[in-house]
Amino acid sequence: MAAVIAEAQRASAIDGARFGPFQLGIAALCALIAGLDGFDTQAIAYVAPSIAEVWGLDKAAFGPIFGAGLLGLTIGAFLLSPIADRVGRKAVILFCTAVFGLFALLTARAANMEQLLAYRLLTGIGLGGAMPNLIAITNEYAPSRLKATLVTVMFCGFPLGSTIGGMISAPLIARFGWEAVFVLGGILPVVLLPVLWFAMPESARFLAMGKNAEARLTPILKRIDPSLTPSSFIAQMRGEASDATRQRFPVIELFHDGRGRTTVLLWLAFFMNLLVMYFLVNWLPSLLRGSGLPLSIAIISTAVLNLGGVVGAIVLGRLIDKREPALILGLAYVASALFIVLVAYAGTNVVLLLAGAALAGFGVVGGQIGLNAVAASTYPTAVRATGVGWALGVGRIGSIVGPVAGGALLALGWTSQQLILTAVIPALIAAGAVFLLRKI
């Protein structure tokens, strides 16, 4: 794996530049979008118990609704990531932000399950297309020594947005109804669009491949380091991207030049960990509510799980920059399996429940963010968004399987404890896949 990453990380002028306000601003903007992404992705889980009560539904009926939103995430990741490698990261990020903001607003007007399913599917497409490009552009503008750290810190916006959503959803629902959660989740990205238009730069490496490259790159590179020369940067980027690589179907490139086994193992790890992650974040509020806990505690437990992911991402990101990535992530996944067991057996003991949720989130959510950083560093620039997007896309299939399977098992009469314990198996499989990356 180290050899593949080294090939993908040939040092550019940006990689060796100092870290300054410009790169910090890019990471902050990406983190803000990721936060809105996390808020909107998690919103349906927070409001599901309330919708079920208002519409007189069994909670098992929400399996397809959870799955529809995650199917949208998968479609967005698969389809829009390769498009970004051809039309630019910024354009796709703007488009996706507009899409998930608009359909979040429409979700608030849903009057039945069919409308709710359709709106969640379309919202998910925007959410799924945004994240791979946020990862790719943050990775690109980060200095080599801080790549994993900045990508993980940026991606912390996702669980942090989910955490904030958990903190404000209960009072919003109590005062204004479940619709208010989606209204807020739709207005914020729409308001952010003008800021992104003016403040977010296009990928410098993408610009280097296009027309008027020097004129478009000069103001960007000067903001990073006045000593950088656009002409040498352009020559280097064009030298790395062969015509054959740019003309072939980009997904095929994920299996060329010794990347095939790494790609398969990354996909397996993404699939299994996202299965666990989305099973927990979607079903935990409903399962705990069904176990007799108050709605506020059920929601807070999921918020704490996401908050644990924020801490885990920061800690694991620094460790990945300093130690062997596969070893760190594998141990994190093993630990998460143990703490999932604690959540399952905590019962109505709120202290144990919250501690187990936080520590499980440290490994599952934090580990996923670290895995995103590893994937971004694995592939060369020409197919980086494609590589990250397809890894996330394959992972999103797992994220669909988890919540839908949870609904099916719940309908068969499985208890909350049994359902939570099933998440241990894919967590351990993810650990095994990551450990195997050490041998590459």
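Above: the structure in question.
Residues numbered from 1 in each chain as written. Predicted model: local features only at pLDDT ≥ 70, side-chain atom pairs only at ≥ 80, totals over all residues. Heavy atoms only, no water.

(A) The packing of helix α3 (residues 21–55) against helix α9 (residues 179–199), seen in detail. Across the interface, α3 lies against α9 with an axial gap of 10 Å and an inter-helix angle of 165°. In terms of orientation, α3 and α9 fall into the roughly antiparallel class. Between α3 and α9 lies a crossing of left-handed hand. Each of Leu29, Leu32, Ile33, Leu36, Phe39, Asp40, Ala43, Ile44 and Val47 in α3 lies in contact with α9, whose residues at this interface are Val181, Phe182, Leu184, Gly185, Gly186, Leu188, Pro189, Leu192, Val195, Leu196 and Ala199. Here the contact of α3 with α9 is built from residues that sort into 17 nonpolar, two polar and one charged. (Axes fitted to C-alpha atoms, helices over the stretch in contact; angles between N-to-C directions. Helix = DSSP H or I, 4+ residues; strand = E, 2+ residues; numbered from the N terminus. Parallel < 35°, antiparallel > 145°, perpendicular 65-115°, else oblique. Left-handed = near helix turned anticlockwise from the far one by under 90°. Contact = heavy atoms within 4.5 Å. Nonpolar A, V, L, I, M, F, W, Y, C, P; charged D, E, K, R; others polar.)

(B) Up close: a nonpolar patch on the surface. A contiguous nonpolar surface patch, about 230 Å² in accessible area, is contributed by Leu160, Ile164 and Leu307. Within the secondary structure, Leu160 sits in helix α8 (residues 157–176). (Patch = residues over 30% accessible without salt bridge, like charges linked within 9 Å, V, L, I, M, F, W, Y side chains within 5 Å. Areas by Shrake-Rupley, 256 points an atom, 1.4 Å probe, with all protein chains shown as cover. Salt bridge = Lys/Arg side-chain N within 4 Å of Asp/Glu carboxyl O.)

(C) Structural view of the nonpolar core. Ile135 and Ile340 are the most contacted members of the largest nonpolar core, which has 126 residues in total. Considering every element that reaches this core, the biggest residue donor is helix α14 (residues 260–290), with 17 residues. Once you skip the residues sitting within four places of it in the chain, Ile340 turns out to touch Val276, Leu280, Ala360, Val364, Ile420, Ala423 and Val424. In terms of nonpolar packing, the next biggest core, distinct from the first, is built from five residues, Leu80, Ala84, Val92 and Cys96 among them. (Core = buried A, V, L, I, M, F, W, Y, C linked by side-chain atoms within 4.5 Å. Buried < 20%, exposed > 50% of the residue type's maximum accessible area, 1.4 Å probe, protein only.)

(D) Main features of the environment of Leu305. Along the chain, Leu305 turns up in helix α15 (residues 295–322). Under the relative-accessibility criterion, Leu305 is labelled buried at 4%. When neighbours within four sequence positions are excluded, Leu305 is seen to be in contact with Leu280, Val281, Leu284, Ala357, Ala358, Gly361 and Val365.

(E) Inspection of the side chain of Ser416 at higher detail. For Ser416, the location among the structural elements is in helix α19 (residues 416–422). For Ser416, the contacting residues outside a window of four places in its chain are Leu287 and Ser291.

(F) Spotlight on α14. For α14, which comprises 31 residues, the first-to-last C-alpha distance of 44 Å matches the rise-based estimate of 45 Å (1.5 Å per residue) to within 8%. Along α14, the sharpest kink reaches roughly 50°, centred on Trp283 and followed within four residues by the proline Pro285. Looking one or two places after α14, you find Gly292, whose phi comes out positive at around 105°. (Expected span 1.5 Å × (residues − 1). Bend = angle between axes of the 7 residues up to and from the residue.)

(G) Structural view of the packing of helix α4 (residues 62–87) against helix α6 (residues 113–141). Closest axis-to-axis distance for the α4/α6 pair is 6 Å, and the angle between their directions is 35°. Judged by the twist between their axes, the crossing of α4 over α6 is right-handed. Of the residues that constitute the contact of α4 with α6, the class distribution is 17 nonpolar, eight polar and one charged.

(H) The arrangement of the state of the cysteines in detail. Tallying each qualifying case throughout the model produces zero disulfides. This cysteine, Cys30, is not joined by any disulfide, and Cys96 carries the nearest cysteine sulfur, 13 Å off. We note that Cys156 lacks a disulfide partner, and the nearest cysteine sulfur, in Cys30, lies 13 Å from it. Here Cys156 falls in the buried class, since its relative accessible area comes to 5%. (Disulfide = S-S within 2.5 Å.)

(I) Quick look at the packing of aromatic side chains. In total, this model carries six aromatic pairs according to the counting rule given. When the centroid spacing of 5.9 Å and the interplanar angle of 90° are considered together, the rings of Trp55 and Trp178 count as edge-to-face. With Trp55 in helix α3 and Trp178 in the loop between α8 and α9, this pair connects stretches of sequence that are 123 residues apart. Its relative accessible area of 4% is what places Trp178 among the buried residues. An angle of 85° between the planes, with centres 5.1 Å apart, marks the rings of Phe66 and Trp283 as edge-to-face. Of this pair, Phe66 sits in helix α4 while Trp283 sits in helix α14; the two residues are 217 residues apart in sequence, bridging distant segments of the chain. Per residue, the accessibility class of Phe66 equals that of Trp283, and both read buried. Taken together, the ring pairs in this structure connect Trp55, Trp178 and Phe182 into an aromatic cluster. (Phe/Tyr/Trp six-rings, centres within 6.5 Å; stacked < 30°, edge-to-face > 60°.)

Bear in mind that shape data such as this cannot, by itself, settle questions of function.
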